[in-house]
Amino acid sequence: MTVYAVTSLTAAQASPARLTDWIRGHWGIEALHHLRDVTFADYAEQVIMPSRSGGLLRVVVLAVAWSA
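Since the model is a prediction, treat every value here as computed from it, not as a measurement.

Thresholds applied
- Residues numbered from 1 in each chain as written.
- Predicted model: local features only at pLDDT ≥ 70, side-chain atom pairs only at ≥ 80, totals over all residues.
- Heavy atoms only, no water.
- Helix = DSSP H or I, 4+ residues; strand = E, 2+ residues; numbered from the N terminus.
- Buried < 20%, exposed > 50% of the residue type's maximum accessible area, 1.4 Å probe, protein only.
- Areas by Shrake-Rupley, 256 points an atom, 1.4 Å probe, with all protein chains shown as cover.
- Expected span 1.5 Å × (residues − 1).

Caption draft 1: A look at the overall build of the chain. Scanning the chain for helices and strands turns up two helices and zero strands. When the 68 residues of the chain are sorted by exposure, 7% land in the buried category. Total accessible area on the chain stands at roughly 6100 Å², and carbon and sulfur atoms take up 66% of it.

If you want it as structure tokens, here you go:
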């Protein structure tokens, strides 16, 4: 598989191993975001309620971290 990435690192700094680690780390975080979105139906609501976002987000993040 071929993967293309844009980076500000020089060729000496951007070794294949370093880029692979960074990309895998990034997609690991995205996978957790996807899990949170699907499990808690984050995008099911059309209106975002600012008053509940802070406390509920903390509970959701804690639940996802606990399940991982």
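Caption draft 2: Focus on the environment of A63. Note on placement: A63 falls in helix 2 (residues 50-67). Along the chain, A63 and R36 lie 27 residues apart, while their C-alpha atoms are 8.8 Å from each other.

Caption draft 3: Representation of helix 1 (residues 16-39) in the model. Helix length check: helix 1, at 24 residues, gives a terminal C-alpha distance of 34 Å against a target of 34 Å (1.5 Å per residue), a fit within 8%. Positive backbone phi, at 50 degrees, marks A41, one or two positions downstream of helix 1.

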